[in-house]
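# What the coordinates show
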Protein chains: 4
Amino acid sequence: MNIDSIMTEISTLGEAKIPTPVQKKSDGTEDISFVSDLSRVIIEVDGSRISQMLKKSQPLPSFELAGPRKHIFFDPSKLKCALVTCGGLCPGLNDIIRSIVLELHYGYGVSNIFGIRYGLQGFIASYGHNLIDLTCEFVVNIHDRGGTVLGSSRGPQDIDDIVDSLERMNTAASRITDKIADRGLKIGVVGVPKTIDNDIYMVSRSFGFDTAVDVATSAIVSASNEAEGYPNGIGLIKLMGRHSGFIAATAVLAQQDVNFVLIPEVDFDLEGPNGLLNALEKRLAERKHAVIVAAEGAGQKYFESEKNERDASGNIKLKDIGIYLKEAIITYFVGKCVDISIKYIDPSYMIRSLPANANDRVFCNFLGRNSVHAGMSGRTGMLIGHWNNQFVHVPMKLIAEKRKKVNPRGSLWRSALEATGQSSLKND
Amino acid sequence: MNIDSIMTEISTLGEAKIPTPVQKKSDGTEDISFVSDLSRVIIEVDGSRISQMLKKSQPLPSFELAGPRKHIFFDPSKLKCALVTCGGLCPGLNDIIRSIVLELHYGYGVSNIFGIRYGLQGFIASYGHNLIDLTCEFVVNIHDRGGTVLGSSRGPQDIDDIVDSLERMNTAASRITDKIADRGLKIGVVGVPKTIDNDIYMVSRSFGFDTAVDVATSAIVSASNEAEGYPNGIGLIKLMGRHSGFIAATAVLAQQDVNFVLIPEVDFDLEGPNGLLNALEKRLAERKHAVIVAAEGAGQKYFESEKNERDASGNIKLKDIGIYLKEAIITYFVGKCVDISIKYIDPSYMIRSLPANANDRVFCNFLGRNSVHAGMSGRTGMLIGHWNNQFVHVPMKLIAEKRKKVNPRGSLWRSALEATGQSSLKND
Amino acid sequence: MNIDSIMTEISTLGEAKIPTPVQKKSDGTEDISFVSDLSRVIIEVDGSRISQMLKKSQPLPSFELAGPRKHIFFDPSKLKCALVTCGGLCPGLNDIIRSIVLELHYGYGVSNIFGIRYGLQGFIASYGHNLIDLTCEFVVNIHDRGGTVLGSSRGPQDIDDIVDSLERMNTAASRITDKIADRGLKIGVVGVPKTIDNDIYMVSRSFGFDTAVDVATSAIVSASNEAEGYPNGIGLIKLMGRHSGFIAATAVLAQQDVNFVLIPEVDFDLEGPNGLLNALEKRLAERKHAVIVAAEGAGQKYFESEKNERDASGNIKLKDIGIYLKEAIITYFVGKCVDISIKYIDPSYMIRSLPANANDRVFCNFLGRNSVHAGMSGRTGMLIGHWNNQFVHVPMKLIAEKRKKVNPRGSLWRSALEATGQSSLKND
Amino acid sequence: MNIDSIMTEISTLGEAKIPTPVQKKSDGTEDISFVSDLSRVIIEVDGSRISQMLKKSQPLPSFELAGPRKHIFFDPSKLKCALVTCGGLCPGLNDIIRSIVLELHYGYGVSNIFGIRYGLQGFIASYGHNLIDLTCEFVVNIHDRGGTVLGSSRGPQDIDDIVDSLERMNTAASRITDKIADRGLKIGVVGVPKTIDNDIYMVSRSFGFDTAVDVATSAIVSASNEAEGYPNGIGLIKLMGRHSGFIAATAVLAQQDVNFVLIPEVDFDLEGPNGLLNALEKRLAERKHAVIVAAEGAGQKYFESEKNERDASGNIKLKDIGIYLKEAIITYFVGKCVDISIKYIDPSYMIRSLPANANDRVFCNFLGRNSVHAGMSGRTGMLIGHWNNQFVHVPMKLIAEKRKKVNPRGSLWRSALEATGQSSLKND
C-alpha cells in the first residue's frame, strides 16, 4: 500500500451530489473545513527507515485521513443505516452507537437508522430478533451504562443470509441501491474495530483499552492489599489479553505493586531455577508477599497436551491460565511445606462491562463520527483507525489476520520489567 | 441483662486516679463533657414490647453508653497497648488502627503502642514475626490503602502462648500489672467486632459493610450489562455473607437490576415448578435476560451430601454456591436445548480489600476512639457496638455464638423482594 | 405527643376496603407481614431519662412505625397521585421519585401518577408547565443521574391555587374525593423531608447527607494538597450547612486533613489572642500549611451590620462566609507581611447535584416506598422519618420551625475537635 | 531543525564510560535493547507536506527518540540529582518524582537524589527551606496523593543564586563537574513540561491533561443537573485554559451535555444578534435550560479596558471570565424580566490537585524514566515530549514562547461544535 495505489482506489469513488453542511453560519454560509481526499497520514515515522525508503525511491506508505468530505455519496433522505455490535463487551460501545446516530441525524439528516439486535444473529430471521429504531431520543443517554444497547453475540452466521437481510431492509430505497449496484458495490460497510485487548494491527489504540487499564488497577490494588495482609500472601490477577499483553503490561505501569507480569509474547517457565515458582519462593522469603499479573493468553504452552480434553457434557475444558497458575503455586508450596495464602482475582467481566471513562468517550466520539463521514463519502471495506494521533481510514484487507503484539525489546515491556523488577523467567 | 445487673458490674471497676483532659481550653481548664458511667441506651424500642415489660415490672435491658470517662484506670505513661487484626480483610481496618493510635497518643498520652503482625500468629514466638511500633507518623496515612498494615491470619493459636507473650511485653509495667492482678484481671481486652457480613448479634451495623454494599453495586451493574448484552444473557454474582444475607439483600436495593436474590435465611429450591431454574426460564422467555445475586451462604443444603468429599491433595472440596449455581443453570438449559450466555462474577476479594468509603471512615473513627475510651476506663471483655444510633459497650459474652439474621418477614427482605419482583422459590 | 394521643389519632382513620397483596405466593395466598397500626418506636433511648418518666408515670413518647398496612384507604384504580420536588437539589431525589412510582404501580396497582414540574410553580396554571406522566418506563433509570427529573423551584406559591389545581386533577375521581371530603380530608399529603444539611428535627438522618459527606471529602483532599503544595499554603473549603454543621463536622471526620472547622452552632472570633487568625498564624509557623472547613452558616455574626446592604440591582448582598474568610485572611497576612497562598473551594453545586451513593439509594428506596404505604393507608400531614434505625411516621406539626443542631458537647463535635486538634477559637 | 542539524548536535556529546545494564539476565548478560542515538521520529506526518519537502529536497524535521542509551555520561556513584517542581499543581507531579527516583536508583544506581522545596524558592538560602532526601522508601506511595511532595511556588528567583546553590550541592563531585566544565556545560538540565492546559508547542500531550478532562466531566454533569432542575436553569462552568481551550473543548466531547463552549482561540460576542446572550435566550425559550463551558482565557477582550484597575490593596483586579459571564447573564435577563436560575461552578482547584488517573500514571512513568535516560546520557537543555506516539527529546529553545492552540478549523473544534450544536457567536 502506498500513496499512489490508494489514490487510485479513491478515484473509483463516484462524485457525490449532496453537500454536507456540518455547520451553517448564521448567514447561511458554510463554515467548516472539509477534509480533502488527498490528505494522508504517513505510517512510518522512524527517521532512518524513511531515509532508506527515500534512498531506494520507495513511496512512503500512508493512510487516508478520516473526516467529513465535501461530497457525499448517499442521499441522506433515502439512506438506511444499520448498526451492529459483535463479540465480547467493551467499554465505549454505546458511545460509538450514540455518536454514529447523532452524526447521521444532525450532521447529515439521515433518519432511517436501525440497530441490529444481538450481533449477526439479528440479521437472521429465524432468531426472531426485532430491529431497534435508533432515534436521537433513544441514544441520548445510553453512554451512561456499559455494555451495548443493541446486544451482541458470538459466532459466525451465514453471510448470504445477512446480505439477504440487508437487501430486504433496503427495498424501499431502490434507486440508491441501483446506483450502488452500478458501481459494483451493494452496500457500504465501515467498521470500528473492537477489541479491549488493543491488539489490532496498524491501529495504535482501540477503544475501551484505556478504561480497561483504569479499572484493572483497582484489581491490582486489591490483590496487593490481600497479599500484604497475610504471611506469604500471594495476589494473583488474570487480565484480558488472549494474544497480546497490552492490558497487563500497561496496568502494571499504572499501578506499580506487581512483582511478576506474564504475557503471551514473552515465554516463561514455571519449573526450573529461573522459573516463576522458584522466583516466587525467593520473593516470599525476602518480602513475605507477592503480586502476579497474568494476561489470559500467557503460558498457553502448558495447555498444549490438554487440547482434546473434554468435560462430562462434552465441552472442551477451559484452559484458564489463572486457575492453572493458582493450582501450580499451591501444589509447589504444599510440596515445600510452606504455608501460603493465595487470592485469585479475575476481574474481566467487571471491566469489560463498564461505561467508558472520559478519555475513551472522547475517542469513541471521534471513531463514531468519522465512521459516518467515511460511510457517507462512499468508503467501504475499511475501518476507522488511529495512527500518529490522527484518525485514518484503514483498509480491512490490510489488517485481516494480523495482530499487534507487545515488542519484547520495546519500551513498554522494558518499563513493565522495571516496574516489577522481575528477571527473565525462562530457563536456557 | 438489665440496667441493674450491668450497673452492678460497673461498680466493680476501680476508681481511676488520672484525669483525662481530652481537650484543654486556652486557659487550661477542661472543656469536655465526659460520659457518665450511668449513661445507658435501652435496647428495645418497640412500644408494645416495652409496655409489656413495664406491665410485668421487668427492667428495660440496656447497653452502657460508650465515650470518654472522667476517670481512667491505667497510667498512660506506663501503659503498653497491643493491636491485632484477625481473619479476613474488611474495609476500615486501617482506619480503626489509625484512630486507636491517634486517640491513645493525643487523647491520653500513651506512647507504647505495638502492632501484632499477622493476627494471633504474631503472639507466638516460633513464627518469628516482629512487632510494629505504632507511632502517629506510621499511621497518619494508612487509611488511604485497604487491607491491614498489621497483617492478619486465620485459625486459632494456643491461648496460653498468647497470654505468655502479652505478659512478656508487660514486664516493664509491673506496677500496673500488679494492680490489675489484684482485681483478678490480667489485662484489659476491648474488641471492635469485624465482619463485613454485618451479622453480629446485638450490633446494628459492623464497619466495612457500607463500603461492601457500595462496591457490590458495581458488580451488579456489570452483571446486568453482561446479561442484557446477549440473547438469554444471565449475570450471576456471588456476594459475601456466609450465614446472613445482609450484603446481598442491601446491594439488591442499592442497584435495582436484580431479578433473583438468594440468602442463607430463606430456603429455595433449584428444581420443581417453583424452583429457581423454572423461574429463571420463565424470566428469560419474557425478558431475554436475568440477573441473580447469591450470598455465599445461600443454598448450603445442596452441599450436605458432599460433606466429606476431598480433592486429590486431601483438601475438603470447596462448596461454592456461585460455581454450583452456574453449573446447575448450564446443565438445565443444555437439557432444554436453550442457548444461554452466563457470566459469573465473584467480586469478594476486590471488595474486602478496598479502603473504607467516607461513611465507614467516620464510623471506624468512632469505633476506634471509643474502644480506647473503654479500655482506658478499665472495661474489659467487651466490644464497641452501635445500637439505636449510639455507640455502646456490648459484653462479649452476650454476643458469643449468636448471629444477627435477615428477618424473612421484615422490611429489608420485603424491600428486596419488591426490588427483584421475585416470588417464593420454594416448592411446598 | 405520646402513645395514647397518637393512637387516638390513628383511630380516626377509616377502615380500608382494599387488601394490599404486596407479594403473592405461587398458590395465590399472601405472604407478607403487614405492619400493625399499633406498632410504635419509642423516641427516647436514654436509660436514665426513661427511668425518670416512668417514675413520674409519664407515657413514653413514640412514633408510629412506617410500612405497608393490611388495609388501605384509597382505591388504587381511581387514585391520582402527584409528586413534586421543591427547593435545592439533593442527591437521591430521583431515587425517591423512582421508588414511589414503582411501589404505587407494582405494590398497589396505581397507574395515574403525575409529576409536577418545577416545584410549586407546576401547580400554578399561569406558569404553563406541563405535567409529566410518571410511568415505570420513565423512571426506571432516572436514579443514574443527579438532580430531579421533575425540576424544582424555590419560593412560595399561592396555596389556594395549588389546591385548586389538585382538585382539577381529581375531577374524574369524584367518588374517592367525596369519600375523603366526608372525613374532612380533601387529599392525603405525605412528605419526604429534603435537606442535604441533615438538620431536620426529630429525624436522625435525611437523604443525600451521606453522599454529600462522601463527596465533600474530595474537596478536603484537594484543599489539603493545595495547602501542602505551597509555602504557607492555606486550603479553605465552604461546605453546605446554613443552620447546622453536620456536613462540615462529619466530613472533617471522614477526611482527617483539616485543622480548623467552623460551624453555626459554635461561636468563634476572627481577631484576638484566641481568634482564628492568630491560631492560623501559629499553625503556619509550625507546619507551613493549614486546611479550614467552614459551614456556610458559620460566623454569621460578621454580617449583622451588613443586613441592609444591597447591590446595584437592589438585591441583598450575599453574605458568603467563605469569601469573607478568604478576604479576612489575606488582609491579616498582608498586614503581617507574611506571604501566603490561599485557595478557596466551594464545591456545593458539585455535591448537591450528584447521584446518590449506594447507601443513600437504599435509604431513599425505603423513604419512597414507606411514603407510599403511609399515603395509601390514609395518613396525611406527616413525613417519613428515620429514628432509632426504624422508618417512622413523623407528624409535620411536630417538626415545623424546629431544627436539629450539632450538640457542642456531644460526641460528633468532640470527635471533630479531636480530628482537627483545634482549641476554642473564642476570646473570653 | 532537521535530521542533519540535530545529528550534528548529537555528535558533540562525549563518549560515555559507564555501561547501563538496565536489566541483567540470570547468566549476567545484558538483555535490553538500548536506543540508538541515531533513532529519530519525524515530526511531519502529512503526506502532501512531506511530498512538497521532498520535491524541494528539504530534509524532514525530526526529534531524537527518547530512551536508555548504551553509554552514559555521569558516574552514578558520584552524581547528585536535584528535582524541583514549579508553578501550579497538576495531576501526576508525584508520579513523575517517583519514577525519576526509582529509575535513578534501580536503573542507574544513583543514590544522591534531593528534592528542592517549594519551587525555585528552595534554591535560595534566605527562604530557609530544607532539602528533602528522596529515597525509594520516601517516594514509593507518593502517587496515591495529588499535589507535589516537594511543594511548589510561583514567580522567578535570581538565576545566579540558583546556580550557586547547585554548585554548593555538587562540591563533593568535583571530577564529574570538571568533566562537564570542560565541555562548557556546568550541569545537565532535563525538563518534563508541566501544564494542565496541554498547550505546549511541539508536544502532543502534557501530563495531567487526561485526568483534568476526566474530572471536568463531573463538573459538567453537575452543571447540567442544576440547569435541568430549574425553570430557565443555566449551568456555567469555568475550566482551566489560559491561552488554549483544549480542556474545555475535550471535556465538552467527553460529557455531551453542553450547549455553548467558549475558548480563547475563537472570538465571540456577548451582545448583538449572534451574541451569546441572544443565543442563550433562544435556547432557554426552546429547551428551558442551558449549559455553558468557558475556558478561563476566553473572552479576555472584555477586560482590556480594565487593565489597570486595582483594588483597595493595590492588587490588579481579577479578570475572571466565569464571574463576568455570570453577571452579564444575570443583568441581561433582569433587563428582559426573565426569571433565570444560574449556577456557577469553578472546579479548577479540585481538578488540578487530584492524583493522576491510570492513563496519566503510565504517561508520567514514561516521562520520568525517559528524563532520567536523557540526563544520564548527557543531554541538557531539553524536554521530554510525546510526538507521534513516541517519547522524544524536544530542545527547550524550540518551544520557548510558543504555544499550541486549538485549531478553529480542525477536527477537535469541529467535534466540539457538533457536540454542543452551537453556531458562531460572532457578529459580522
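Computed from a predicted structure; not experimentally measured.

### Thoughts on the overall build of chain A
Looking only at helices and strands, chain A has 14 helices and 14 strands in total. Here chain A holds 428 residues, and the buried ones make up 51% of them. Restricting the contact set of chain A to residue pairs at least 6 apart, pairs at least 24 apart contribute 75%.

### Considering unusual backbone geometry
Residue and element names in this part refer to chain A. With a phi angle near 75°, K288 is a residue other than glycine that sits in the positive phi range. Looking at where K288 falls in the secondary structure, it is placed in the loop between α9 (276-287) and β11 (289-295). For K288, a count of 17 C-beta atoms within 10 Å gives the class partly exposed.

### Things to note about the domain arrangement of chain A
Residue and element names in this part refer to chain A. By the assigned domains, chain A splits into domain 1 (3-205 + 354-399) and domain 2 (212-348 + 409-420). In this complex, domain 1 contributes 7 residues to the contact, which on the side of domain 2 involves 10 residues. Split by residue class, the side of domain 1 that touches domain 2 holds 3 nonpolar, 2 polar and 2 charged.

### A look at helix α7 (residues 209-228) of chain B
The end-to-end C-alpha distance of α7(B) is 28 Å, a good match for the 28 Å that 20 residues give at a rise of 1.5 Å each. With 20 of 20 residues buried, α7(B) is to be regarded as a mostly interior element.

### Comments concerning the relation of the copies chain A and chain D
It takes a turn of 180° to lay chain A on chain D, together with a shift of 0.0 Å along the axis; the resulting RMSD is 0.1 Å. Such a combination of rotation and displacement between the chain copies is what one expects of a two-fold axis. Rotation axis and chain A: the residue whose C-alpha lies nearest the axis is N388(A), separated from it by 2.2 Å. Interface overlap between copies: 98% of the residues of chain A at the interface are likewise at the interface in chain D, consistent with a symmetric, same-surface contact.

### Brief notes about the environment of I132(A)
All names here are of chain A. Along the chain, I132 turns up in strand β7 (residues 132-133). The class of I132 is partly exposed, set by 19 C-beta atoms lying within 10 Å. For the pair I132 and L83, spaced 49 residues apart in the sequence, the C-alpha separation amounts to 9.6 Å. Those residues in contact with I132, other than ones at most four positions away along the chain, are F114, G115, R117 and L150.

### Comments concerning helix α10 (residues 321-335) of chain B
Residue pairs spaced three or four apart in an α-helix point in one direction, given the helix's 3.6 residues per turn. Residue and element names in this part refer to chain B. For α10, with 15 residues, the first-to-last C-alpha span of 21 Å sits near the 21 Å given by 1.5 Å per residue. Taken together, the buried positions of α10 are I321, G322, L325 and I329. Viewed along the axis of α10, the buried residues span an arc of 100°, placing them on a single side of the element. Each element contacted by the buried residues of α10 is listed here: β9 (233-239), α9 (276-287), β11 (289-295) and β12 (341-345). Just downstream of α10 lies C337, where phi reads positive at about 55°.

### Some details on the interface of chain A and chain D
Facing the 50 residues of chain A at the interface are 50 residues of chain D. Where the side of chain A that touches chain D is concerned, the elements lending two or more residues are β2 (40-42), α2 (47-55), α7 (209-228), α8 (246-254), α12 (358-376) and α14 (411-420) of chain A. Counting residues per element, the side of chain A that touches chain D draws most heavily on α12(A), at 7 residues. The residue inventory of the side of chain A that touches chain D, partitioned by class, reads 17 nonpolar, 23 polar and 10 charged.

### Here we look at the sheet that holds strand β6 (residues 112-115) of chain C
Strand order across the open sheet formed by 3 strands is β5-β6-β7 (chain C), with mixed pairing between neighbours. Since the sheet does not close on itself, it has two edges, and those belong to β5 (80-83) and β7 (132-133) of chain C, each with one partner.

### With respect to the sheet that holds strand β7 (residues 132-133) of chain D
All names here are of chain D. Here we have 3 strands laid out as an open sheet, ordered β5-β6-β7, and mixed in their pairing. The outermost strands of the open sheet, each flanked by one partner alone, are β5 (80-83) and β7. For strand β6 (residues 112-115) and β7, the ladder comprises 2 bridges, and the chain directions are antiparallel. Along β7, the bridge assignment pairs G115 with I132.

### Here we look at the environment of K336(C)
Within the element layout of this structure, K336(C) appears in the loop between α10 (321-335) and β12 (341-345). Looking at K336(C), the number of C-beta atoms within 10 Å reads 11, which means it is exposed.

### Section: the pairing of strand β13 (residues 382-387) of chain D
Residue and element names in this part refer to chain D. When you tally the buried positions in β13, you get 6 out of 6 residues, the bulk of the element. What you see with β13 is no split at all: M382, I384 and H386 on one side and L383, G385 and W387 on the other are buried throughout. Alignment of strand β8 (residues 190-191) against β13, held across 2 bridges, turns out to be parallel. Residue pairing for β13: G191 is matched across the bridge by L383.

### Points about the packing of helix α3 (residues 93-108) of chain A against α12(A)
Residue and element names in this part refer to chain A. The geometry of α3 relative to α12 is characterised by a closest axis approach of 8 Å and an angle of 45° between their N-to-C directions. It follows from the interaxial angle that α3 and α12 lie oblique. Note on packing geometry: the crossing formed by α3 with α12 is right-handed. From α3, D95, I96, S99, I100, E103, L104, G107 and Y108 reach across to α12, where they touch R361, C364, N365, L367, G368, R369, S371, V372 and M376. The class makeup of the residues in the contact of α3 with α12 is 8 nonpolar, 5 polar and 4 charged.

Definitions and limits used
Residues numbered from 1 in each chain as written. Chains lettered and ligands numbered in written order. Predicted model: local features only at pLDDT ≥ 70, side-chain atom pairs only at ≥ 80, totals over all residues. Helix = DSSP H or I, 4+ residues; strand = E, 2+ residues; numbered from the N terminus. Buried ≥ 20, exposed ≤ 12 C-beta atoms within 10 Å, placed from the backbone. Contact = placed C-beta atoms within 7 Å. Domains from an automatic or database assignment. Nonpolar A, V, L, I, M, F, W, Y, C, P; charged D, E, K, R; others polar. Expected span 1.5 Å × (residues − 1). Least-squares fit on C-alpha atoms with pLDDT ≥ 70 in both. Arc of directions from axis to C-beta. Pairing = 2+ DSSP bridges. Axes fitted to C-alpha atoms, helices over the stretch in contact; angles between N-to-C directions. Parallel < 35°, antiparallel > 145°, perpendicular 65-115°, else oblique. Left-handed = near helix turned anticlockwise from the far one by under 90°.

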